[in-house]
There are 2 protein chains.
Amino acid sequence: MIRRIPQARERGIPDATVARLPLYLRALNGLAERGTATVSSEDLALAAGVNSAKLRKDLSHLGSYGTRGVGYDVQYLIYQISRELGLTQDWAVAIVGVGNLGRALANYGGFVSRGFRVAGLLDADPAVVGDHIAGLTVEHSDGLEAVIRKRGVSIVVIATPATAAQQVCDRVIAAGVTSILNFAPVVLTVPDGVDVRKVDLSIELQILAFHEQRKVTGGPMMAEDWAGEAG
Amino acid sequence: MIRRIPQARERGIPDATVARLPLYLRALNGLAERGTATVSSEDLALAAGVNSAKLRKDLSHLGSYGTRGVGYDVQYLIYQISRELGLTQDWAVAIVGVGNLGRALANYGGFVSRGFRVAGLLDADPAVVGDHIAGLTVEHSDGLEAVIRKRGVSIVVIATPATAAQQVCDRVIAAGVTSILNFAPVVLTVPDGVDVRKVDLSIELQILAFHEQRKVTGGPMMAEDWAGEAG
DNA sequence: GTGCCTTTGTGAAGCCATGCACAAAGTCGA
DNA sequence: TCGACTTTGTGCATGGCTTCACAAAGGCAC
Ligand SMILES: NC(=O)c1ccc[n+]([C@@H]2O[C@H](COP(=O)([O-])OP(=O)(O)OC[C@H]3O[C@@H](n4cnc5c(N)ncnc54)[C@H](O)[C@@H]3O)[C@@H](O)[C@H]2O)c1
Ligand SMILES: NC(=O)c1ccc[n+]([C@@H]2O[C@H](COP(=O)([O-])OP(=O)(O)OC[C@H]3O[C@@H](n4cnc5c(N)ncnc54)[C@H](O)[C@@H]3O)[C@@H](O)[C@H]2O)c1
């Protein structure tokens, strides 16, 4: 469940816009690497895979950073979006649950390059505790609260089995964390002010299957034949 | 974008509804495991973390499967949603790119339990080819098209580096695949009729960082109105 | 400076999703 | 059988998001 953050309206940036800013940032970084100095909304929209009017409206929420007749300065826009997203500062992230998925995340370099620093790996399994992964040592989740407080962890990634997720969630919130990324297939219950985002790969596959089924058969199998089966 | 022709029949289920059906299904399975026979929209909505009116409207798109005064039959609703999502049939999935993430996905049991069968693991690295993971042998991605055709793969998961993603995408589409789940941080260009869903963990973290920053400082660092807020 | 050309920023319209509120429909006990 | 009670299914209002279309703004050539 994703709770709405009332504060997001303080500067009036719609949630839909915030969700696209990282997309623009990625496209801009690609342009910067190729040495592009300025880019029009049309070209940037193409690179980001969105409508150009939508892109302009999104960017207008941050300020008037474009030049009419020219476009946007790539470097300047990268900075402005990064600042708006809070990527100009360093975020300490802890990963709880170092199984298949937790290891993949720990080894992933794409986080660090975006200002996210993995500051702790925690697991409840003694067989896993002590493992060295990506330069870190897995610690026992008994020390979860201590790790969060001592290392200034502000974002926690939950990659435990579903049965442990709510318990872990409660503990990290009690320790002061208000931003959680949840991979466990369970609806987390959290108090107001805590932001939970979820990633459920199984749901994505199911959505694909829905559309795939429609392409092949035009709908659920034998839809009409089943109409009278209820009751 | 895919344009749908509205039929006289209620075959047009809104995307927002489709995206929630797996959520309901998960909640229903939890209820079924605990032996619950019927459930009201209120209770099911609570378990799924949505508004009850929204849940009823979503379910109404599938048909009138509830009983007024009683609620919904758990087993029957599980079947109806599964059928609508196409989970009553078996989907063969191939994972391309067997690195950190690809391995985690291959080892994950949550796919198989929902009707998705991993039918192939493919990688371009000879050092990886031949590895045994979750009962499968990693094959060379040269044989991508053959694997897709021979094993009836209809959904492909791309877990390669970003630089290889578009190329892999083009190949699987040429081989007839029209459903792709992409983990690489790039915008894939595909022809009409091909569905691409993306999962970008980095984007999720950036969205969390945006909200986290607002909680802590009230906005981006060095905001123009910073001085005026003192006092 | 002047005029032309490109591109931004945004008003306005349309679309879709959400959630309230309630009549209709069905259950259940007497 | 009947009436009280519960819960569904949905009409409708509200609000947010998307897209179009264009005036205003700025660069550039001369
Ligand atoms: N692997 C995938 O591709 C994938 C895909 C979708 C969803 N998921 C979900 O992500 C989660 C993790 O998946 P996985 O494949 O890594 O599972 P896993 O079993 O390999 O790893 C889970 C880890 O969490 C640890 N753990 C258990 N309870 C804990 C606790 N209370 N505190 C700290 N650590 C604890 C376990 O010791 C284990 O190391 C699961 O909820 C799974 O459903 C995984
Ligand atoms: N690991 C994570 O947690 C994570 C998180 C977010 C995004 N991603 C993205 O997911 C993708 C995979 O991440 P990873 O950590 O597993 O990377 P990885 O480097 O560990 O694995 C990539 C694999 O793809 C293979 N490969 C390369 N080119 C190929 C080709 N043309 N055909 C087939 N296979 C090919 C490589 O041999 C390698 O085994 C990347 O795009 C990454 O940005 C990963």
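Anyway, here's the lowdown on the structure attached to this text. On a predicted model such as this, the values are computed, not experimentally measured, just so you know. (Residues numbered from 1 in each chain as written. Chains lettered and ligands numbered in written order. Predicted model: local features only at pLDDT ≥ 70, side-chain atom pairs only at ≥ 80, totals over all residues. Heavy atoms only, no water.)

Another point: the relation of the copies chain B and chain A. Between the two copies, chain B and chain A, the superposition gives an RMSD of 0.1 Å; the rotation angle is 180 degrees and the shift along the axis is 0.0 Å. A rotation of that kind, with that shift, is consistent with a two-fold axis. Of all interface residues in chain B, 90% are interface residues in chain A too; the two copies therefore contact each other through one and the same surface. (Least-squares fit on C-alpha atoms with pLDDT ≥ 70 in both. Contact = heavy atoms within 4.5 Å.)

All names here are of chain B. Reading across the sheet, the 3 strands line up as β1-β3-β2 and stay open at both edges, with antiparallel pairing between neighbours. At either margin of the open sheet sits one strand with a lone partner, and together these are β1 (38–39) and β2 (66–67). As paired elements, β1 and strand β3 (residues 71–73) share 2 bridges and run antiparallel to each other. Counterpart to Val39 in the pairing with β3 is Tyr72. Along the sheet face, helix α4 (residues 74–85) touches β1 and β3 and points at about 75 degrees away from the line of β3. (Pairing = 2+ DSSP bridges. Helix = DSSP H or I, 4+ residues; strand = E, 2+ residues; numbered from the N terminus. Axes fitted to C-alpha atoms, helices over the stretch in contact; angles between N-to-C directions.)

Moving on, we get to the site of ligand 1. With respect to spatial proximity, 23 residues lie near ligand 1, and among them A:Asn100, A:Leu101, A:Asp123, A:Thr160 and B:Tyr108 are the closest. Mapping the residues near ligand 1 onto chains gives chains A and B. Between ligand 1 and A:Asn100, the relevant distance is 3.0 Å, taken from an oxygen atom to a main-chain nitrogen or oxygen of the residue. Take A:Leu101: an N or O atom from its main chain is 2.8 Å from an oxygen atom of ligand 1. Its free accessible area being 820 Å², ligand 1 has 82% of it covered by the protein chains. Of all the secondary structure elements, the ones that give two or more residues to the shell around ligand 1 are α5 (100–107) and α7 (162–174) of chain A together with α5 (100–107) of chain B. Considering only residue class, the shell around ligand 1 consists of 16 nonpolar, 5 polar and 2 charged. (Near = heavy atom within 4 Å. Polar contact = N/O pair within 3.5 Å; in protein donor to acceptor, adjacent residues only side chain to side chain. Areas by Shrake-Rupley, 256 points an atom, 1.4 Å probe, with all protein chains shown as cover. Nonpolar A, V, L, I, M, F, W, Y, C, P; charged D, E, K, R; others polar.)

Working note: regular strand, side chains alternate between the two faces of the sheet. All names here are of chain A. Counting buried positions along strand β4 (residues 91–96) yields 6 of 6 residues, so the element is predominantly enclosed. The alternating pattern of β4 places Trp91, Val93 and Ile95 and Ala92, Ala94 and Val96 on opposite faces, both of which are buried. Bridge count between β4 and strand β5 (residues 116–123): 6 bridges; the pairing is parallel. Bridged to Trp91 within β5 is Phe116. Read from β4 through α5 to β5, the crossover connection turns out right-handed. (Buried < 20%, exposed > 50% of the residue type's maximum accessible area, 1.4 Å probe, protein only. Right-handed = clockwise from strand over helix to strand, strands pointing away.)

A word on the interface of chain B and chain A. Opposite the 72 residues of chain B that make contact, chain A presents 72 residues. If you look at where chain B meets chain A, you find 7 salt bridges. Note that B:Glu84 is salt-bridged to A:Arg214, the shortest N-O span being 2.8 Å. Viewed at the interface, chain A and chain B are joined by 25 residue pairs in polar contact (both at pLDDT 80 or more). Elements with a contribution of two residues or more to the side of chain B that touches chain A: α1 (15–33), α2 (41–48), α4, α5, β9 (153–158), β10 (179–182), β11 (195–198) and α8 (201–217) of chain B. By residue class, the composition of the side of chain B that touches chain A is 39 nonpolar, 16 polar and 17 charged. (Salt bridge = Lys/Arg side-chain N within 4 Å of Asp/Glu carboxyl O.)

All we've got here are geometric facts, nothing functional implied.
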